[in-house]
Amino acid sequence: MDDRENYGASMIRMWRVYRTAKQLCFDRGYQMLEEETQIPLAEFANKFMREDGEPDRGRMHFSCQPTEAMLAKYAVPPTAKDPNPPPQIGNIWVEFNADENVGLKQLRDYMQHLVNGSYYNGIMVCAKPMTGMALRLLRGSAGLEEGPKGGVDVFVEQDLLVNITKHDLVPTHILLSRDEKSQLLERYRLKETQLPRIQTSDPVARYLGLRRGQVVKIIRRSETAGRYASYRWAI
Amino acid sequence: MPPKSILKNSAVSTNAPPASSKPVNPRHLETAIHHARILEQRKVVERQVLDSIITLLDFPSTADADPKQPSAADARQFRDFMVPFQPSDYDSLIEERNIADKCGYALCPRPKRKAPSTARKQFVDTAKGVEIVDRKVLEVWCSDDCARRALYVKVQLNEEPAWMRQGGVGDKIELMVENADEHHKALPLRLKREAAPKAPAPKDEDDIAAAWAARDDALADLALERGEKPGRLSKANKDLMTENIKERVVASKPPVAPSLNEGQSHMAIEGHVPKTDAATAEQDEDEDPQDWDKHLPG
């Protein structure tokens, strides 16, 4: 790739972050073309480079809609009280924050924006780690009325430089829907508490946006069996 | 009659809780609930601190407020907010206010000072000569005066987290203000109740009532000393303490050193009497001295 020499380090860095963010949305199941996740550097620079050669984070934001398959995956079984429940997923808003320090103020503005735009959840990519108080607000905000329903995922640019799920040692994680989960529990005659667990703060769990109580299927290569599937309950 | 299945009754699912589960030990339950309450209290305090910081981000309430002479309402609110804070929480408050481009002192409406240049390190003239400091350190306050006032509050904060505090210490924060008199007037008067004047004709019933009242007062004082606020959850768990003290059953006879029965003492080896029947039983088994080669082949 000889065209890398034409761009500054920060430009290349942002390009990689942007690409990983796109791949993340694609892997979570949002509507996105395969080409979008592999945007070439030249095209990225064309779109988002300022005159001084720095990336313009303010213009990089994008939003996605969930695919049919994703809606089905997050569907909630109807109950007598609520015969037609909405799926627990919706549009997502991804924003790249340009500020050097991200604190309570930016986070609350962002949440306000999500609520105003009726987004279900959001991803905020910031240059530096957030302040402690902002993280505390984030932790408490999942069930809160002031934030969006699905909460906000915060990533540091550093974490998105490479797509961790593409690494050789990271096995495939597949999120199970509610139906699939109940079938699994019935098949193995388990209670969900008897499954092995995965933390929601786990890097792959954060990548997939796992919520408490969901189950992922992890498929590993096995020398003896070819493939080996195991399950993890997100806590 | 249909053949009876030998399989397990499929109606009983494995997911059902075991029917013969032991009844919960009430004491364990109490302990678990007690600790859960402490955790809950901690969450409440953390939430409270967070809410205070969010409110203090937009302080003071008027844009032309003077940090030297804050309005009485602002000062009182600020002081009340500061009570559950730890110094680290106060640092976060300053950090958040700086990110919002305000002076770190919550009662000051001015923006923070700008360093002379945008370089990461700055030269500062001090009494000891030129010092090199981070730009961030320079851009915290709007003036040295505000810094002094803010740190005056910080040193009064209690290092101990609010959910573990013993009461009576550090729940009074003083501000460095020039119109202190106004604030004290504005505060609700909290005079200690004078001791009740002695009743002219003491009766027995009055005495009893007074004794109970005194006990209640003492309990309230104790609760205050533990750091409880009226209406909040009590830290003293009465259920975990039992008031009936049971003595252990006293042995009727005084303990004596073990002694052997008479007639056995001559058999004892260091106080132990080997069992004689076991010895004879072994002898019976070993009666054939050639026993060992019976199992050998040939």
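Residues numbered from 1 in each chain as written. Chains lettered and ligands numbered in written order. Predicted model: local features only at pLDDT ≥ 70, side-chain atom pairs only at ≥ 80, totals over all residues. Heavy atoms only, no water.

Draft legend 1. Structural detail: helix α3 (residues 87-99) of chain B. All names here are of chain B. When the terminal C-alpha atoms of α3 are compared, their 18 Å separation across 13 residues agrees well with the 18 Å that a helix rising 1.5 Å per residue should span. Burial within α3 is extensive, with 10 of its 13 residues counted as buried. Inspection of α3 places Pro87, Asp89, Tyr90, Ser92, Leu93, Ile94, Glu96, Arg97, Asn98 and Ile99 among the buried residues, and these make up the whole buried set. At the exit of α3 stands aspartate 101, carrying a positive phi of roughly 65 degrees. (Helix = DSSP H or I, 4+ residues; strand = E, 2+ residues; numbered from the N terminus. Expected span 1.5 Å × (residues − 1). Buried < 20%, exposed > 50% of the residue type's maximum accessible area, 1.4 Å probe, protein only.)

Draft legend 2. Broad picture of the environment of glutamate 95 of chain B. Within the fold, glutamate 95 of chain B resides in helix α3. Each C-alpha atom of the pair glutamate 95 of chain B and valine 140 of chain B lies 8.1 Å from the other, and the pair is 45 residues apart in sequence.

Draft legend 3. The arrangement of the sheet that holds strand β5 (residues 172-175) of chain A in detail. Spatially, 4 strands are ordered β5-β7-β8-β6 (chain A) in an open sheet, and the strand pairing comes out mixed. Only two strands of the sheet have a single neighbouring strand rather than two, namely β5 and β6 (197-198) of chain A. (Pairing = 2+ DSSP bridges.)

Draft legend 4. Here's a closer look at the pattern of salt bridges. This structure, assessed with the given rule, holds 15 salt bridges over all chains. Here aspartate 89 of chain B makes a salt bridge to arginine 136 of chain A, at a shortest N to O gap of 3.9 Å. One end of the pair, aspartate 89 of chain B, is in helix α3; the other, arginine 136 of chain A, is in helix α5 (residues 132-140), on a second chain. On the basis of relative accessibility, which here comes to 7%, the residue aspartate 89 of chain B falls in the buried class. For arginine 136 of chain A, a relative accessible area of 19% translates into the label buried. Ionic pairing is found between arginine 42 of chain B and glutamate 46 of chain B, a salt bridge with its closest N-O pair at 3.5 Å. Taken together, the residues arginine 42 of chain B and glutamate 46 of chain B, both in helix α1 (residues 26-57) and 4 residues apart, mark about one turn of the helix. The exposure class assigned to arginine 42 of chain B is partly exposed, which follows from its relative accessible area of 36%. Among the charged side chains, a network of salt bridges with common partners joins Asp145, Arg148 and Arg149 of chain B. (Salt bridge = Lys/Arg side-chain N within 4 Å of Asp/Glu carboxyl O.)

Draft legend 5. Structural context of helix α5 (residues 144-154) of chain B. Residue and element names in this part refer to chain B. Within α5, burial applies to Cys146, Ala147, Arg149, Ala150 and Val153. Take α5 and look down its axis: the buried residues cluster within an arc of 165 degrees, on one side only. Where α5 is buried, its residues contact α2 (72-82) and α3. (Arc of directions from axis to C-beta. Contact = heavy atoms within 4.5 Å.)

Draft legend 6. Up close: the confidence of the model for chain A. Confidence in the prediction for chain A averages 87 pLDDT; 96% of positions are at 70 or higher. The least confident element of chain A is α5 of chain A, whose mean pLDDT is 82; the most confident is β6 of chain A, at 94. (pLDDT = per-residue confidence, 0-100.)

Draft legend 7. Region of interest: the packing of aromatic side chains. All names here are of chain A. Under the defined criterion, the tally for this structure stands at 7 aromatic pairs over all chains. Ring centres 5.3 Å apart and planes at 45 degrees place the aromatic pair tyrosine 18 and phenylalanine 44 in the tilted group. Here tyrosine 18 is found in helix α1 (residues 9-28), whereas its partner phenylalanine 44 is found in helix α2 (residues 41-48), with 26 residues between them in sequence. For the pair formed by tyrosine 18 and phenylalanine 44, the shared burial category is buried. Each residue in the set Tyr18, Phe44, Phe48, Phe62 and Phe96 is aromatic and connected to the rest through ring pairs, giving one cluster. Here the guanidinium or amino end of arginine 19 rests over the ring plane of tryptophan 15, the centre of that ring lying 4.5 Å away. Over the face of the ring belonging to phenylalanine 62 we find lysine 22, whose NZ or CZ atom lies 4.1 Å from the ring centre. (Phe/Tyr/Trp six-rings, centres within 6.5 Å; stacked < 30°, edge-to-face > 60°. Lys NZ or Arg CZ within 6 Å of the ring centre and 35° of its normal.)

Draft legend 8. Summary view of a negative patch on the surface. Residues and elements named next belong to chain B. A grouping of Asp204, Glu205, Asp206 and Asp207 is seen on the molecular surface, where their side chains present a negatively charged patch. Structurally, the position occupied by aspartate 204 is in helix α7 (residues 204-225). Take aspartate 204: its relative accessible area is 63%, and that puts it in the exposed class. (Patch = residues over 30% accessible without salt bridge, like charges linked within 9 Å, V, L, I, M, F, W, Y side chains within 5 Å. Areas by Shrake-Rupley, 256 points an atom, 1.4 Å probe, with all protein chains shown as cover. Lys, Arg positive; Asp, Glu negative; His and termini not counted. Charge placed at Lys NZ, Arg CZ, Asp CG, Glu CD.)

Draft legend 9. Focus on the pairing of strand β1 (residues 121-126) of chain B. All names here are of chain B. Bridge count between β1 and strand β2 (residues 129-134): 6 bridges; the pairing is antiparallel. Directly across from glutamine 122, in β2, lies its bridge partner valine 133. Between β1 and β2, which pair antiparallel and follow one another directly, the connecting turn spans 2 residues.

Draft legend 10. Inspection of unusual backbone geometry at higher detail. Residues other than glycine seldom take positive phi values, yet arginine 189 of chain A does so here, at roughly 55 degrees. Among the secondary structure elements, arginine 189 of chain A is positioned in the loop between α6 (178-187) and β6. We classify arginine 189 of chain A as exposed; its relative accessible area is 57%. For aspartate 101 of chain B, which is not a glycine, the phi torsion comes out positive at approximately 65 degrees. When you line up the elements, aspartate 101 of chain B lands in the loop between α3 and β1. Given a relative accessible area of 36%, aspartate 101 of chain B falls into the partly exposed group.

Draft legend 11. Just the nonpolar core, in detail. Ranked by size, the top nonpolar core spans 51 residues in total, and within it Phe78, Met82, Tyr90 and Tyr105 of chain B carry the most contacts. Breaking this core down by element, the ones donating at least two residues are α4 (104-116), β3 (121-126), α5 and β4 (152-156) of chain A together with α1, α2, α3 and α5 of chain B. Residue contributions to this core peak at 7 residues, all from α1 of chain B. Those residues in contact with tyrosine 90 of chain B that sit more than four places away from it in its chain are Phe78, Met82, Phe85, Tyr105, Ala150, Val153, Lys154 and Leu157 of chain B. Leu24, Ile39, Phe48 and Tyr74 of chain A belong to the second largest nonpolar core, which has 41 residues in total. (Core = buried A, V, L, I, M, F, W, Y, C linked by side-chain atoms within 4.5 Å.)

Draft legend 12. Local environment of the interface of chain A and chain B. Listed per partner, the contact involves 17 residues of chain A and 16 residues of chain B. Roughly 1500 Å² of surface becomes buried between chain A and chain B when both sides are summed, with 59% attributable to carbon and sulfur atoms. Sorting the residues of chain A by area buried against chain B places Leu104, Met133 and Arg136 of chain A first, and these three jointly supply 35% of that buried surface. There are 1 salt bridge connecting chain A and chain B. Mapped onto the side of chain A that touches chain B, the elements with two or more residues apiece are α4 and α5 of chain A. (Buried area = accessible area lost by both parts, 1.4 Å probe.)

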